[in-house]
Amino acid sequence: QYFFGTHIASDWQVGSQVTYSRNGEVTDYGEILRCEKPRVLSFTWTHTGDKTERSGPTVLTFELKPVEGAVRLTVKHENLAPQDIVDDPETFEGLNNGWPAILSNLKSLLETGKTIPALSL
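Since this is a predicted model, take the numbers as computed values, not measurements.

**A few points about the nonpolar core**
Counting residues in each nonpolar core, the largest one holds 13 residues, and the members touching the most others are F3, Y20, F43, W45, L60, F62 and W99. If you list the elements that add at least two residues to this core, you get β2 (17-22), β4 (40-47), β5 (58-67) and α1 (95-112). Beyond its immediate chain neighbours, meaning those up to four positions away, L60 contacts L41, S42, F43, W45, V75, K76, H77 and W99.

Structure follows, in structure tokens:
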């Protein structure tokens, strides 16, 4: 619901694949590196349209940590290349612009039960 029309599929076991698809077409994929429910999820991330020369895939880690009666979400996306950052706040291109939009949508869903209206990504 919060990932703007993207379907995420995995069995969330270490070594298993995770796929992100939109309109039936895989857009991103990776391998589960670490899954410690309900605290940590880490996996490799490859965008199918990425033409950047890389020594390996990027690594995405989500961590939940209790903090004074609330929960803090930390997202780390590592092994990035300069091309992964887009200096244009008016777009969702670039990891620095895409993740805040996705996480904002997740926050809205959790707090209100509704997502932000779908935007052109």
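Here the narrative resumes, following the displayed structure.
**Thoughts on the sheet that holds β2**
In spatial order, the strands read β1-β2-β3-β4-β5-β6; together these six strands make up an open sheet with antiparallel pairing. The sheet terminates laterally at β1 (7-9) and β6 (70-78), the two strands that pair on one side only. Strand-to-strand twist of the sheet, defined as the mean angle between neighbouring strand axes without regard to direction, takes the value 25 degrees. Inspection of the sheet shows β1 paired to β2 by three bridges, in the antiparallel sense. Within β2, the position partnered with I8 by the bridge is Y20. Those strands touched by α1 are β4, β5 and β6, and its axis lies near 155 degrees from that of β6.

**Thoughts on α1**
Helical geometry: 3.6 residues make up each α-helical turn, so side chains three or four residues apart lie on a common side. Over its 18 residues, α1 extends 25 Å from the first C-alpha to the last, a length consistent with the 26 Å expected when each residue adds 1.5 Å. All buried positions along α1 are accounted for by N97, G98, W99, A101, I102, N105, L106 and L109.

**Considering a negative patch on the surface**
Side chains of D87, D88, E90 and E93 sit close together on the surface and give a patch of like negative charge. Residue position: D87 is located in the loop between β6 and α1.

**Looking at the confidence of the model for the protein chain**
Of the residues in the protein chain, 97% have a pLDDT of 70 or more, and the chain-wide mean is 88. When the elements of the protein chain are averaged for pLDDT, α1 gives the smallest value, 84, and strand β3 (residues 25-36) the largest, 97.

**With respect to the layout of surface pockets**
What the largest pocket holds in volume is close to 830 Å³. Those elements that place two or more of their residues in the lining of the largest pocket are β3, β4 and α1. Tallying contributions element by element places α1 first for the lining of the largest pocket, with five residues. A per-class count over the lining of the largest pocket returns 11 nonpolar, 13 polar and six charged. The computed volume of the second largest pocket comes to approximately 640 Å³.

Procedures and definitions
Residues numbered from 1 in each chain as written. Predicted model: local features only at pLDDT ≥ 70, side-chain atom pairs only at ≥ 80, totals over all residues. Heavy atoms only, no water. Core = buried A, V, L, I, M, F, W, Y, C linked by side-chain atoms within 4.5 Å. Buried < 20%, exposed > 50% of the residue type's maximum accessible area, 1.4 Å probe, protein only. Helix = DSSP H or I, 4+ residues; strand = E, 2+ residues; numbered from the N terminus. Contact = heavy atoms within 4.5 Å. Pairing = 2+ DSSP bridges. Axes fitted to C-alpha atoms, helices over the stretch in contact; angles between N-to-C directions. Expected span 1.5 Å × (residues − 1). Patch = residues over 30% accessible without salt bridge, like charges linked within 9 Å, V, L, I, M, F, W, Y side chains within 5 Å. Areas by Shrake-Rupley, 256 points an atom, 1.4 Å probe, with all protein chains shown as cover. Salt bridge = Lys/Arg side-chain N within 4 Å of Asp/Glu carboxyl O. Lys, Arg positive; Asp, Glu negative; His and termini not counted. Charge placed at Lys NZ, Arg CZ, Asp CG, Glu CD. pLDDT = per-residue confidence, 0-100. 1 Å grid on protein atoms, 1.4 Å probe; cavity = no way out; pocket = protein on both sides within 12 Å on 5 of 7 lines; lining within 4 Å. Points joined across faces, edges and corners; volume = space filled by probe spheres on them. Nonpolar A, V, L, I, M, F, W, Y, C, P; charged D, E, K, R; others polar.

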